[in-house]
Amino acid sequence: MVVSWACVMALAVRAADVPPQSVVLPGIDTELMKARFAESDMQPLEGIWYYPDEEMTLAIEKWKGEHNIGYRLILLESTDLELLPGTVVGFIEESAVDNKFRLWLYTERSKITLASPAQCVATLNADATSLTFDPPHWKVKVRVNFARIFSTIFRGISVIPEKEEEKLPVGFKKIYPLDGNGNAFKTVRYL
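J.: Quick question: what am I supposed to make of the sheet that holds strand 10 (residues 170-176) here?
T.: The strands making up a sheet are joined through hydrogen bonds of the backbone, oriented either antiparallel or parallel. Spatial strand order, 1-2-3-4-5-6-7-10: 8 strands in a closed barrel with antiparallel pairing. The mean angle between the axes of side-by-side strands here comes to 35°, regardless of whether they run parallel or antiparallel. For strand 3 (residues 70-78) and strand 4 (residues 88-94), the ladder comprises 4 bridges, and the chain directions are antiparallel. When the bridges of strand 4 are listed, I74 appears paired with V88. Across the sheet, helix 2 (residues 30-38) touches strand 1 (47-51), strand 2 (56-63), strand 3 and strand 10, and the angle it forms with strand 2 is around 35°.

J.: Looking at this structure, how should I read the environment of Y51?
T.: Examined against the element boundaries, Y51 turns out to sit in strand 1. Judged by its relative accessible area of 10%, Y51 falls in the buried class. Along the sequence, Y51 and G171 sit 120 residues apart, while their C-alpha atoms lie 6.2 Å from each other. In this structure, Y51 is in contact with M56, L58, L105, F133, V170, G171 and F172, ignoring residues within four places of it in sequence.

J.: How do you make sense of unusual backbone geometry when you look at a structure like this?
T.: Negative phi is the rule for most residues except glycine; trans is the rule for most peptide bonds. Cis rather than trans, the peptide bond between Y176 and P177 has omega equal to 10°. Inspection of the secondary structure assignment puts P177 in the segment after strand 10. A positive phi angle is found at E55, which is not glycine, with a value near 50°. Tracing the backbone through its elements, the reader meets E55 in the loop between strand 1 and strand 2. Of note in the backbone geometry, A128 takes a positive phi value of approximately 55° without being a glycine. Positionally, A128 belongs in the loop between strand 6 (113-124) and strand 7 (130-133).

J.: Explanation requested: the environment of G90 in the structure shown.
T.: Take G90: it is sitting in strand 4. By relative accessible area, G90 is classed as buried at 0%. Distance from G90 to P19, taken between C-alpha atoms, is 9.4 Å for residues 71 residues apart in sequence. Ignoring any residue separated from it by four or fewer positions in sequence, one finds G90 in contact with R72, L73, W104, L105 and Y106.

J.: How should I be thinking about the pattern of salt bridges in this particular structure?
T.: Two side chains carrying opposite charge are able to pair once their charged atoms lie near each other. The final tally for this structure, using the stated rule, is 5 salt bridges. Note that R109 and E82 form a salt bridge whose closest N and O atoms lie 3.2 Å from each other. Of the two residues, R109 sits in strand 5 (residues 100-110) while E82 sits in the loop between strand 3 and strand 4, which places them 27 residues apart along the sequence. Take R109: its relative accessible area is 43%, and that puts it in the partly exposed class. Across the pair E93 and R102 runs a salt bridge, and its minimum N-O distance is 2.5 Å. For R102, a relative accessible area of 26% corresponds to the partly exposed category. The network of salt bridges with common partners includes R36, E61 and R72.

J.: It is not clear to me how the pairing of strand 4 should be interpreted in this structure. Could you clarify?
T.: Consecutive residues of a regular strand have side chains that alternate between opposite faces of the sheet. Taken across its 7 residues, strand 4 has 6 buried, putting it largely inside the fold. The pairing of strand 4 with strand 5 spans 5 bridges and is classified as antiparallel. Looking across to strand 5, one finds that E94 is bridged to F101. Between strand 4 and strand 5, which pair antiparallel in sequence order, lie 5 residues.

J.: So what exactly am I meant to see when it comes to helix 2 here?
T.: Because the α-helix completes a turn every 3.6 residues, residues three or four places apart line up on one side. By the burial criterion, the buried members of helix 2 are T30, M33 and F37. All buried residues of helix 2 fall inside an arc of 65° around its axis, so they share one side. In helix 2, the exposed positions that point more than 90 degrees away from the buried face belong to E31 and A38. In this structure, the buried residues of helix 2 make contact with strand 1, strand 2, strand 3 and strand 10.

The rules we used
Residues numbered from 1 in each chain as written. Predicted model: local features only at pLDDT ≥ 70, side-chain atom pairs only at ≥ 80, totals over all residues. Heavy atoms only, no water. Pairing = 2+ DSSP bridges. Helix = DSSP H or I, 4+ residues; strand = E, 2+ residues; numbered from the N terminus. Axes fitted to C-alpha atoms, helices over the stretch in contact; angles between N-to-C directions. Contact = heavy atoms within 4.5 Å. Buried < 20%, exposed > 50% of the residue type's maximum accessible area, 1.4 Å probe, protein only. Salt bridge = Lys/Arg side-chain N within 4 Å of Asp/Glu carboxyl O. Arc of directions from axis to C-beta.

If you want it as structure tokens, here you go:
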């Protein structure tokens, strides 16, 4: 029992490291981030990514701020005009497994920023061109039998787990830096 409480406490401390509310970094845009990346030794996770499910372009950059997390996700462009470029939309932390990361994405709006970070596990593919994750979801059915005719045989309340159909993971596709041919990753080059 001591081990499980220690794990719970470690997770609570780690979740407390993620700021409860995002910030907006002024003056951030795609060209500025490309210039920053060109001047640095980039890690495979760093770059400019497209998030097709939310129709937004994000930058993932190495970050060592007041919270010891590792990387932050910054919004560069979005079809949602209420989100400002430069908004920090999440954080990523490395794990003991090379291609697995702890990912926090803000899930609610709070005036002009975002709030309520939700954690999930993200996986970086072998050539570092996609970062996928399965957002957390819970589904439980509770059945209450008020009649309880045979209460010794059948219990009055039962919890039934319900299997959901398999879904494709959501994630990001890397669009910068370009591959060795000057093309975006995983695109056909026509001659």
